[in-house]
Amino acid sequence: LRTILKVTPADSEDFQDLKEALDISVNMCSIANDSVHEQESQNQMEWLQTHTIFKNLPEDLQLRSQTNLSGPRKLLFYGYLTKVNSNKELVAFLFNDFLLLATAAKTMSDVRARLFDKRFSEPVLITYRTPMLLVNMSQIQLASNAIGMENAFSFEYEDKKYTLKPEQTFQRKQWVNQLEELHKEVKKKADASSLIVQFPEAKGRVIVDVMSATDIYLEKRTPDSERPYVVLSLGDQQVRTLPAESCNNPVWNHKGQLLFDDITRETLWIAIYIARYYVPDDLVNAMEIPLAEVDANSRIPLEKVVTIACGGDETVLTLQFLVSYFSTD
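Throughout, a residue's number is its position along its own chain's written sequence, starting from 1. Given that this is a predicted model, residues contribute local features only at a pLDDT of at least 70 and side-chain atom pairs are listed and counted only at 80 or more, while totals for whole chains, interfaces and linings are drawn from all residues. Each side-chain value is worked out from all heavy atoms of the structure, with water and hydrogens disregarded.

1. A word on the sheet that holds strand 12 (residues 237–240)
Read from one edge of the open sheet, four strands run 12-11-14-15, paired in antiparallel fashion. The two strands at the open ends of the sheet, each matched to only one other strand, are strand 12 and strand 15 (282–290). Direction aside, the axes of adjacent strands within the sheet are offset by 20 degrees on average. One requirement defines pairing of two strands: DSSP has to find at least two bridges between them. Here a helix means four or more residues in a row that DSSP labels H or I, a strand means two or more in a row labelled E, and each is numbered from the N terminus. With seven bridges connecting them, strand 11 (residues 227–234) and strand 14 (residues 267–275) associate as antiparallel partners. From the neighbouring strand, Arg227 faces strand 14, where its bridge partner is Ala275. Between the N-to-C directions of two axes lies an angle of 0 to 180 degrees, each axis being a line fitted to C-alpha atoms and, for a helix, fitted only over the stretch in contact.

Quick look at the structure:
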């Protein structure tokens, strides 16, 4: 079709039909290719799940699942890397939410021979460290051209610098480009989830202090994995605490503000979540209260204790509110 279109005059009565047919064909091919790549990614993740020994994870990791921020998990890129400082040989798997580094369960030659081969059932890989969340990466760049670094790239994660070498020089640009692009995408989604919407017509504001909770229900599926946090929502606005350490009686002392138009008609939504690393956060439970209930008509913050049902138990949440009205002059 593309060849025929090239030799068809633009004023021909067939030109527009040919152009539309070509567009449809290109679109159908793109859909088919995407489906093939998606199925390949799913098959590879299934193989990794059953042929990798996952060590010291903060929570259970099912590769074929929803991610925390990026929708369904996808395996986008993988390759063999060497850690520059130690010459440690690694296999790296880049997903749309984290980078997974693994070592050979036996030998690296064994990995190369058996990677994604379903004929073998025994473990082939062992995780080198916990998955590195892309949202927390920084300083992703090509390494310097010093001796021994010509083929390397680096990034920082949890205040530590990682310098890695792919097998081929051209691959380091591929790794940097992929990591940078995915980091920006995930960071944008993370920033959007905590965005506070401003209302120029607001009549007042509520300063809120999320202080503490007692008796939060935790399943304790994995040690230190149940990290509770609180979200207060008013329309499109949110105040979100940081996740606390895994405990039943967390303390946050987190302050924020919410703007309102008519305090007598608005409702405050209060929710408790458990933060997850590799899947969407769990909603423990939530409740609503009329916003007018937090207006004490005083310059002194109102302390309010609310009770939320959690896992058959009751969680007591302590908050402080200070309402102020903007001048209409």
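2. Considering the packing of aromatic side chains
Here a pair means two rings of Phe, Tyr or Trp (six-membered ring of Trp) with centres within 6.5 Å. Their orientation is stacked below 30 degrees between planes, edge-to-face above 60, and tilted elsewhere. Going through the model one piece at a time under the given rule, you end up with twelve aromatic pairs. Plain terms: the ring middles of Tyr78 and Phe116 are 5.1 Å apart, the flat faces sit at 80 degrees to each other, and that makes the pair edge-to-face. Taken together, the residues Tyr78 in strand 2 (residues 75–83) and Phe116 in the loop between helix 3 (108–114) and strand 5 (125–127) connect sequence positions 38 residues apart. Classification of Tyr78 by relative accessible area gives partly exposed; the value is 35%. For every residue, the accessible area obtained with a 1.4 Å probe (protein chains only) is divided by the maximum for its type, and the residue is called buried under 20%, exposed over 50%, and partly exposed between those limits. Residue classification places Phe116 among the buried positions, given a relative accessible area of 19%. Taken together, the ring pairs connect Trp47, Tyr78, Phe93 and Phe116 into an aromatic cluster. Positioned over the ring face of Tyr80 is Arg112, at 4.0 Å from the centre of the ring. To sit over a ring, a charge needs its Lys NZ or Arg CZ within 6 Å of the ring centre and within 35 degrees of the ring normal. Over the ring of Tyr277 we find Arg227; its NZ or CZ atom is 4.0 Å from the centre of that ring.

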